[in-house]
Each structure stands twice: as structure tokens, then as C-alpha cells.
Amino acid sequence: MIETLEPFRVELTGYCYRMLGSGFEAEDAVQETLVRAWKAYDSYDSSRASLRTWLYRIATNICIDMQRSAQRRALAVDLGPSGGELGAPLLENAFVQPVPDERVLPEDQAIRRETVRLAFVAALQHLPARQRAVLILRDVLAWQASEVAALLSASVASVNSALQRARATLEVVDVGTPLDVADPVQKSLLERYCEAFDRHDVQTLVALLHEDATMSMPPLRWWLRGREQISLALHDPGAACAGAWLVPVRANASPAFWQMRPGLDRPFGLVFLDVRDGLVTGTTTYLNVDELVPVFGSPMSSGVPSRTPSDD
């Protein structure tokens, strides 16, 4: 029984992640899906729905139930104006959380990788739960309208209507720009950014920013917009980034890195870069590393060398 259901875990986790905006909640939802399926397997009728459709129906209902009393997860830029004091950290459930690629992107399926980017997942949270499910199933997973209608016990017309409304909402929400991994300009940008970060070359880092770039550090509500404001923050002696370096991580199909600092026995944060037109348009540094390291694995256990100030 478990052998029959387990192969669906990664794709279901990817689906639930897009629905819920949290890898932690997605894995809980998938575990509950598989438990319910295991308990009800004797009543499963393969003549009425494929095993995949049946599992997605269970997962969808679980995700919708989880959304009924939950606040919408977001990025810091959605939570208020830029600037101000750092303030106290918010609860984890205020933010869209990152997730390792291997937990949400099946290797044997041609699923649009860019649909697990933080900006896209945050944009999905603007949709009502059923619209969100319809858009993910239709536009991300390429299900037929009739398949989605059967899963949701709805008509094809209502599914098509929900899809149109969902697409209209996303047209006015910033979904960001996916990285073209084959674009030598974007690859060169990332290399130059990492090298400048390692050297603590603030002048170069600022020069690589788009004029309207953003910087945020969840779980803090605080964020900045604009090259000038970010430059002031990076030049602040209290920023204490000197000696830090970046270690690549496979997360959210995006440029992502552990930020390492001398003397720490764990990463300082998990950094995501948004890029467009040869410039960095945003940096998001997750500071809740105690929750993230168990999910992503510690870079310390992967042979990442430690550094001391004398190394630089």
C-alpha cells in the first residue's frame, strides 16, 4: 500500500506548497493526504477516478480546510510601507516560506520550475483557495478542465470561469521574473554578485542593483526599496557583513544561498536573489535558520569550510 502511494509524495508536496505557501505546512498536508488515502484505499474506485486524481482531491480538500482560518502568507513588501525601524519579528506563518527544490519538483515530470519561486507562490496567496487550486492544476500542472471539474465536483464552465478570474488577479499582482539559467548575462550577474559579497565590496554590490530593488529579512516586517536606501543599509557599520560569504542552495528554483559568517556554527540566513535585465531586483534573507536548517540540511555537514577573519 505505502509503495503504491509514496511515489506521489513529491508532486503532491509541490502542489500543496503552492496552495499553502509553506514547505512545513505542505509536508503536513501531504502526510495527512497519504494517511487518509491509506485508510480509505479499500473504498477507492479506479473506474471513477485515477489514483492521482483521487489523491489530489484529498490533498485539495485538506489544503482548503487549512486555509479557512489562516491569514494570507506574504512577502515583507506586501505587509506595509518600506523603511522604518526593524521592529520585532513576526510569526513564521506571516510569510511565504522557502522550500528545497527536491521536495517539490519531481524529476520525472516537466513542471514549470518557475512556479515555485517565492514571488509566484506569494502571488498565488492572493487567490481564494478554490481559484488557487484551479489555476495551479490548469496552468502549472496542465490538467484538462474536465479533470479539474471532476476533482472539484464542479462543472467545466465553473472551472473555466474560476481560471479566468484567477488569471485576472495575477495580472495585477507582481509575480516576479524567473531566472533564465541559460542566459549568460544573468549567470555572470550572479557570479559577480557573489564575488562582491565575498569581498564585502559594497560599491560593486550597489552597482549591481536595479534602481527600484528591494531588500527584506523575514521574519522582520521591515524592508527597503531603492538603490539609495539599500546602499545606506549596506554601508551601515552595524550591518556586520564583512567576512561573510555565500554558499549555493537549491531552493524555489531560484538563485539561493546560505549566508555564512565567521565564528558561527550555523548559517546566518538563507538568501534569495531576484534578477531582471542584468541587475538584481531584490534580495530576501530568511533569518529563521533554526527552522530552515533541518529542512535544507546544514552546509556545515556538506564540507563547507569555515572561515576566520584572517582568511580574507
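Data block above holds the structure.
Given the structure is predicted, the values throughout are model-derived calculations rather than measurements.

Undergrad: Hey, could you run me through the sheet that holds strand E5 (residues 269-276) in this one?
TA: Each strand in a sheet pairs with another by means of backbone hydrogen bonds, the pair being arranged parallel or else antiparallel. One open sheet accounts for 6 strands, arranged E2-E1-E6-E5-E4-E3; its pairing is mixed. Single-partner strands in this sheet number two, and they are strand E2 (223-225) and strand E3 (245-251). With direction set aside, neighbouring strand axes in the sheet form an average angle of 20°. As paired elements, strand E4 (residues 254-260) and E5 share 4 bridges and run antiparallel to each other. Paired with Trp 258 across the strands is Leu 270, a residue of E5. Each of strand E1 (209-216) and E2 is contacted by helix H12 (residues 227-235), which is oriented at about 55° to E1, the strand it contacts most. Its contacts with the sheet place helix H13 (residues 289-296) against E3, E4, E5 and strand E6 (279-286), and it is angled at close to 115° to E4.

Undergrad: I tried to follow unusual backbone geometry on my own but got confused; where do I start?
TA: Of note, the amide linkage connecting Pro 218 to Pro 219 takes the cis form, showing an omega dihedral of 15°. Within the secondary structure layout, Pro 219 lies in the loop between E1 and E2. Phi is positive for Ala 142, which is not a glycine, with a value near 60°. Counting through the fold element by element, Ala 142 comes out in the loop between helix H7 (129-140) and helix H8 (145-152).

Undergrad: Would you mind going over the pairing of E1 with me for this structure?
TA: The buried fraction of E1 amounts to 6 of the 8 residues, a majority that puts the element mostly inside the structure. Here E1 pairs with E6 via 4 bridges, running parallel. The residue bridging Met 215 from the neighbouring strand is Thr 283, located in E6. When E1 meets E2, the two strands line up antiparallel, connected through 3 bridges. When the sheet's bridge partners are listed, Ser 216 is paired in E2 with Trp 223. The hairpin turn running from E1 into E2, its antiparallel successor, is 6 residues long.

Undergrad: It is not clear to me how the packing of helix H2 (residues 9-20) against helix H4 (residues 51-67) should be interpreted in this structure. Could you clarify?
TA: Helix-helix packing is characterised by the crossing angle of the two axes and by the distance between the axes. Interaxial distance between H2 and H4 falls to 10 Å at its minimum, and their mutual angle equals 30°. The angle between H2 and H4 falls in the class roughly parallel. Like other packed secondary-structure pairs, H2 and H4 cross with a definite hand, here right-handed. On H4, the residues that touch Glu 11, Leu 12, Tyr 15, Cys 16, Met 19 and Leu 20 of H2 are Arg 52, Leu 55, Tyr 56, Ala 59, Thr 60, Cys 63, Ile 64, Met 66 and Gln 67. Classifying every residue of the contact of H2 with H4 gives 11 nonpolar, 2 polar and 2 charged.

Undergrad: So what exactly am I meant to see when it comes to the nonpolar core here?
TA: Nonpolar side chains in soluble globular proteins tend to be buried together. Counting 73 residues, the largest nonpolar core has Tyr 15, Cys 16, Tyr 17, Leu 141 and Trp 258 as the members making the most contacts within it. Within the second largest apolar cluster, 23 residues are counted, among which are Leu 189, Ile 230, Val 271 and Leu 273.

Undergrad: Sorry if this is basic, but what is going on with the pattern of salt bridges here?
TA: Opposite charge on two side chains permits them to pair, given that their charged atoms come into close proximity. Taken as a whole and judged by the stated rule, the model has 12 salt bridges. The partner of Arg 167 in a salt bridge is Asp 139, with the nearest N and O atoms 2.7 Å apart. One end of the pair, Arg 167, is in helix H9 (residues 156-171); the other, Asp 139, is in helix H7, and 28 residues separate them in sequence. Through salt bridges with shared partners, a single ionic network connects Glu 25, Arg 73 and Glu 92.

Undergrad: Help me understand the environment of Arg 221 in this model?
TA: Position of Arg 221 among the secondary structure elements: in the loop between E1 and E2. Considered as a pair, Arg 221 and Gly 87 are 134 residues apart in the sequence and their alpha carbons are 7.4 Å apart. Ignoring sequence-local partners within four residues, the contact set of Arg 221 consists of Ala 76, Leu 79, Leu 90 and Phe 95. At a separation of 2.8 Å, a polar atom in the side chain of Arg 221 contacts the main-chain carbonyl oxygen of Leu 79.

Definitions and cut-offs
Residues numbered from 1 in each chain as written. Predicted model: local features only at pLDDT ≥ 70, side-chain atom pairs only at ≥ 80, totals over all residues. Heavy atoms only, no water. Pairing = 2+ DSSP bridges. Helix = DSSP H or I, 4+ residues; strand = E, 2+ residues; numbered from the N terminus. Axes fitted to C-alpha atoms, helices over the stretch in contact; angles between N-to-C directions. Contact = heavy atoms within 4.5 Å. Buried < 20%, exposed > 50% of the residue type's maximum accessible area, 1.4 Å probe, protein only. Parallel < 35°, antiparallel > 145°, perpendicular 65-115°, else oblique. Left-handed = near helix turned anticlockwise from the far one by under 90°. Nonpolar A, V, L, I, M, F, W, Y, C, P; charged D, E, K, R; others polar. Core = buried A, V, L, I, M, F, W, Y, C linked by side-chain atoms within 4.5 Å. Salt bridge = Lys/Arg side-chain N within 4 Å of Asp/Glu carboxyl O. Polar contact = N/O pair within 3.5 Å; in protein donor to acceptor, adjacent residues only side chain to side chain.

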